[in-house]
Amino acid sequence: MENLFSMDGKVCLVTGGSSGLGSYMAHGFLVAGAARVYITARSNEKLNAKADELSSLGTGECIPISEDLSSLEGINSLVSKIKNREPYIDVLVNNAGLGLATPIDSLDVGDWDRVMDINARSPLFLTQALLEPLRKNATQKDPSRVIFISSVAASMVFPSVLAYSSSKNILEHLTKQLALALRDDFIRVNAIAPGRFYSEMTRRAWQDPEAESFKAELKRIPAHRYGELEDMAGVAVMLCSRAGSYFHGEILNLDGGFRLAF
Ligand SMILES: NC(=O)c1ccc[n+]([C@@H]2O[C@H](COP(=O)([O-])OP(=O)(O)OC[C@H]3O[C@@H](n4cnc5c(N)ncnc54)[C@H](OP(=O)(O)O)[C@@H]3O)[C@@H](O)[C@H]2O)c1
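Keep in mind that this is a model prediction, so the values were computed, not measured. (Residues numbered from 1 in each chain as written. Predicted model: local features only at pLDDT ≥ 70, side-chain atom pairs only at ≥ 80, totals over all residues. Heavy atoms only, no water.)

Enquirer: Could you clarify how one ought to interpret helix 1 (residues 20–31) in this entry?
Expert: For the α-helix, the turn length of 3.6 residues means that residues three or four positions removed from each other point alike. If you check helix 1, its first and last C-alpha atoms are 17 Å apart, about what 12 residues at 1.5 Å a residue would give, namely 16 Å. Within helix 1, 10 of the 12 residues are buried, leaving the element largely enclosed by the surrounding structure. Looking only at helix 1, the buried set comprises Gly 20, Leu 21, Gly 22, Ser 23, Tyr 24, Met 25, Ala 26, Gly 28, Phe 29 and Leu 30. Where helix 1 terminates, the next one or two residues include Gly 33, which has phi positive at roughly 110°. (Helix = DSSP H or I, 4+ residues; strand = E, 2+ residues; numbered from the N terminus. Expected span 1.5 Å × (residues − 1). Buried < 20%, exposed > 50% of the residue type's maximum accessible area, 1.4 Å probe, protein only.)

What follows is the structure in structure tokens.
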């Protein structure tokens, strides 16, 4: 029981780790004892600064790799950099994503493709390309973990974010399909479906804490607050440590009750 939430010595990859939810999970993994956490994003400057900040937590090392994961070239380049450095990885978190408001009347095919490429296609093909290093160190006692970051929007109907909701719905279905497809490989596949969290994606909603719209939103969320670092890190560490190793094909709603009230 003592080491139930330990990630001692684990090698992890968190896409979109330069800000928001990805950086919260990377933070949690390092505090829980991970040896190396790779974080990726497009913007070099932000990514390097975040890796320096997380490495100085004084536990394991946080290593930045800059790639655009919306293209297959970016995915392949990331995979070859990881494989050059690591014989195996224990944890893959598919977190990088794009939030775009796309109601039906103004939706164009370019918006649809941009959202689908990074939110749905990229997580699937990155996972596929990393199956070999994910299989290598996996055992029944200590399986490797794949996490998809979905959204409450996957199962709720928000016509204003048509492409985004659809992309997250695909992820949730993929979670179950891959969980079954990889059942003999000791790779646990699960998804986290967050509600409202503080991040760059939601900045417009929370940047003025005195705004009436923000106060009204907090009032309506049953937990009466946005999600924070500890909420995201706590659930991600649970899923990736001994504590959560019996979850498989599960979607964890992490939303303070948001989906019940909107
Ligand atoms: N915040 C919320 O309330 C909330 C709720 C539900 C679900 N989510 C999901 O949580 C995940 C993280 O979002 P967030 O809220 O933390 O947003 P965020 O702060 O904007 O972080 C997004 C991260 O993804 C990276 N990224 C975006 N496009 C990329 C690309 N093409 N290639 C590589 N990296 C890319 C970003 O870095 P660069 O821009 O430098 O590439 C950044 O590191 C997303 O999948 C989002 O849908 C968020």
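Enquirer: It is not clear to me how the layout of surface pockets should be interpreted in this structure. Could you clarify?
Expert: Using a probe with the size of a water molecule, rolled over the atoms, empty space left in the structure can be pinpointed. A volume near 1,500 Å³ is recorded for the largest pocket. Counting only elements with at least two residues in the lining of the largest pocket, the list comes to helix 1, strand 2 (36–41), helix 4 (109–129), helix 6 (162–181) and helix 7 (203–206). The residue inventory of the lining of the largest pocket, partitioned by class, reads 20 nonpolar, 17 polar and 11 charged. Here the second largest pocket defines a volume of roughly 150 Å³. Lining the second largest pocket are Asn 3, Ser 6, Asp 8, Lys 10, Lys 141, Asp 142, Arg 145, Cys 240, Ser 241 and Arg 242. Taken together, the residues of the lining of the second largest pocket break down into 1 nonpolar, 3 polar and 6 charged. (1 Å grid on protein atoms, 1.4 Å probe; cavity = no way out; pocket = protein on both sides within 12 Å on 5 of 7 lines; lining within 4 Å. Points joined across faces, edges and corners; volume = space filled by probe spheres on them. Nonpolar A, V, L, I, M, F, W, Y, C, P; charged D, E, K, R; others polar.)

Enquirer: I'm lost on the packing of aromatic side chains in this one. Help?
Expert: Aromatic rings considered in pairs are described by the distance between their centres and by the relative angle of their planes. For the coordinates displayed, the defined rule picks out 5 aromatic pairs. When the ring of Tyr 198 is compared with that of Tyr 226, the centres are 5.0 Å apart and the planes differ by 45°; the resulting orientation is tilted. Of this pair, Tyr 198 sits in the loop between strand 6 (187–194) and helix 7 while Tyr 226 sits in the loop between helix 8 (212–220) and helix 9 (229–240); the two residues are 28 residues apart in sequence, bridging distant segments of the chain. For Tyr 198, a relative accessible area of 25% corresponds to the partly exposed category. (Phe/Tyr/Trp six-rings, centres within 6.5 Å; stacked < 30°, edge-to-face > 60°.)

Enquirer: Help me understand unusual backbone geometry in this model?
Expert: A negative phi angle characterises most non-glycine residues, just as the trans form characterises most peptide bonds. The backbone phi angle of Phe 186 is positive, close to 55°, even though this residue is not glycine. On the accessibility criterion, Phe 186 (30% relative accessible area) is partly exposed. Positive phi outside glycine occurs at His 224, with the angle close to 55°. Tracing the backbone shows His 224 in the loop between helix 8 and helix 9. Taking relative accessible area as the criterion, His 224 reaches 48% and is therefore assigned partly exposed.

Enquirer: What's the story with the site of the ligand in this structure? I'm lost.
Expert: The local shell around the ligand holds 30 residues, among which Ser 18, Ser 19, Arg 42, Tyr 164 and Ser 199 are the closest. Take Arg 42: an N or O atom from its side chain is 2.7 Å from an oxygen atom of the ligand. Contact with the protein chains removes 91% of the 880 Å² of surface that the ligand exposes when unbound. Here the ligand occupies the largest pocket. Mapped by element, the contributors of at least two residues to the shell around the ligand are helix 1 and helix 6. Of the residues belonging to the shell around the ligand, the class tally is 10 nonpolar, 14 polar and 6 charged. (Near = heavy atom within 4 Å. Polar contact = N/O pair within 3.5 Å; in protein donor to acceptor, adjacent residues only side chain to side chain. Areas by Shrake-Rupley, 256 points an atom, 1.4 Å probe, with all protein chains shown as cover. Sits in = over half its atoms within 2 Å of the grid points.)

Enquirer: Would you take a moment to explain the nonpolar core for this structure?
Expert: Note on soluble globular proteins: their nonpolar side chains tend to be buried together. Ranked by size, the top nonpolar core spans 33 residues in total, and within it Phe 29, Val 37 and Met 232 carry the most contacts. Listed by contribution, the elements that provide at least two residues to this core are strand 1 (11–15), helix 1, strand 2, helix 2 (44–55), strand 4 (91–94), strand 5 (144–149), helix 9 and strand 7 (251–254). Element by element, the count of residues in this core is highest for helix 9, at 7 residues. In this view, Val 37 contacts Cys 12, Val 14, Ala 26, Phe 29, Leu 30, Glu 61, Cys 62 and Ile 63; residues no more than four positions away in its chain are not counted. Listed in part, the 29 residues of the second largest apolar core include Leu 69, Ile 89, Leu 182 and Ile 251. (Core = buried A, V, L, I, M, F, W, Y, C linked by side-chain atoms within 4.5 Å. Contact = heavy atoms within 4.5 Å.)

Enquirer: Which parts of the structure should I look at to understand the pairing of strand 6?
Expert: Here is the key point about a regular strand: its side chains alternate between the two faces of the sheet. With respect to burial, strand 6 is a largely interior element, 8 of its 8 residues being buried. What you see with strand 6 is no split at all: Ile 187, Val 189, Ala 191 and Ala 193 on one side and Arg 188, Asn 190, Ile 192 and Pro 194 on the other are buried throughout. Note: strand 5 against strand 6, 6 bridges, orientation parallel. Across the sheet, the residue bridging to Val 146 is Val 189, located in strand 6. The handedness of the strand 5 to strand 6 crossover, carried by helix 6, is right-handed. The pairing of strand 6 with strand 7 spans 4 bridges and is parallel. Within strand 7, the residue paired with Ala 193 across the bridge is Asn 253. (Pairing = 2+ DSSP bridges. Right-handed = clockwise from strand over helix to strand, strands pointing away.)

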